[in-house]
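Results of the structural survey
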Amino acid sequence: MLINMNQMLEVAKQNQFAVGAFNVADSNFLRVVIEAAEENDAPAIIAVHPTELDFLKDEFFQYAVSRVKNSAVPFVIHMDHGDSLASIMRGIHCGFSSVMIDGSLLSFEENIAVTKEVVDVCHKIGVSVEGELGTIGNTGTSVEGGVSEVIYTRPEDAQEFVVRTGIDTLAVAIGTAHGIYPKNVKPSLKMDVLEKIKEKVDVPLVLHGGSANPDEEIAKAVEIGIQKVNISSDYKYAFYKKCREILASTELWDPNAIYPECIEAAKEVVKQKMTLFHSIGQAKVYRQENTQPWRQGLS
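Right, let's walk through the structure included here. Fair warning: this is a prediction, and the values are worked out from it, not measured in the lab. (Residues numbered from 1 in each chain as written. Predicted model: local features only at pLDDT ≥ 70, side-chain atom pairs only at ≥ 80, totals over all residues. Heavy atoms only, no water.)

**Focus: the nonpolar core**
Formed by 79 residues in total, the largest nonpolar core has its most connected members in I46, F61, V99, L170, L194 and Y235. No other element matches the nine residues that helix α11 (residues 255–277) contributes to this core. V11, F17, I45 and V76 belong to the second largest nonpolar core, which has 15 residues in total. (Core = buried A, V, L, I, M, F, W, Y, C linked by side-chain atoms within 4.5 Å. Buried < 20%, exposed > 50% of the residue type's maximum accessible area, 1.4 Å probe, protein only. Helix = DSSP H or I, 4+ residues; strand = E, 2+ residues; numbered from the N terminus.)

**So, the sheet that holds strand β2 (residues 44–48)**
Strand order in the closed barrel formed by eight strands is β1-β2-β3-β4-β5-β7-β9-β10, with parallel pairing between adjacent strands. Averaged over all pairs of adjacent strands, the angle between strand axes in this sheet comes to 25°, irrespective of strand direction. The pairing of strand β1 (residues 19–23) with β2 spans three bridges and is classified as parallel. Bridging from a neighbouring strand, A21 pairs with I45 of β2. Each of β2 and β3 (75–82) touches helix α4 (residues 60–69); the most contacted strand, β3, lies at about 140° to it. Helix α6 (residues 108–122) rests against β4 (98–101) and β5 (128–133) of the sheet, and its axis sits at about 175° to β5. (Pairing = 2+ DSSP bridges. Axes fitted to C-alpha atoms, helices over the stretch in contact; angles between N-to-C directions. Contact = heavy atoms within 4.5 Å.)

**Topic: the packing of aromatic side chains**
This structure, assessed with the given rule, holds 10 aromatic pairs. Arranged with centres 5.9 Å apart and planes meeting at 55°, the rings of F29 and Y240 form a pair that is tilted. Taken as a pair, F29 in helix α2 (residues 27–39) and Y240 in helix α10 (residues 233–249) lie far apart in primary sequence, 211 residues in all. For Y240, a relative accessible area of 34% corresponds to the partly exposed category. These aromatic residues form a ring-pair network of at least three members: F22, F29, Y235, F239, Y240 and Y259. (Phe/Tyr/Trp six-rings, centres within 6.5 Å; stacked < 30°, edge-to-face > 60°.)

Remember that the coordinates give geometry; whether it matters functionally is a separate question.
Below you can see the structure in the form of structure tokens.
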């Protein structure tokens, strides 16, 4: 079932769990996320970065949309880190039910203006919008980028940003980074910042850079009020680690001989994240509440 982010996270908020947003870079990763969600009866968000969309091409999402629409599990197809109205509209044209506009590197006023422009367009056709305030770090191991020094989200700015833009969800900066942390770096999330933001705003909160952070910190963030956690590097790393093992020890060349074990290795990571987010078994809540499928053009 394809739904939008409002539908997805309102249920998560009411039932105190978070939903994983897993970046999909090819058909193997789409399969990993969908099959893991169905096997664990867990809602999931299929996230697509503009560079991933460039690689996959628009036609790929005809299959992706059809596949999730015919599933009993709720899914959102989400544009991750859209960098312009043009990239946002490309995602919508492909059938995405949710988008993120990333104006985090702009000034506060410019970020508000760009984000509100996207909200005004998307809300007319029932597409949910995520904005970002503050900056996400960069470990140097991810195509998603980031900055060398995190700018933490100021709670008072978060409140004003939500009110003036009308966004549906807010990505906050509390100390995470995109990618896998180097061995000599120990991430630490500022839970006090998150708690203060939660006191100021009522929209669902999003944690970017969720890979490689300590499980106890992610679990605590979900307990405080994070409803969406972005995961990319962790499960892709597991996929290609297994792939390297197979290629280093065999002469296999057929994808159907190489990839099945890689898919299972990645699914194990996705399941572990879903367990951490308390989302396993939660798909039934959407069915019990008779959540209606999202249809593009309807709010």
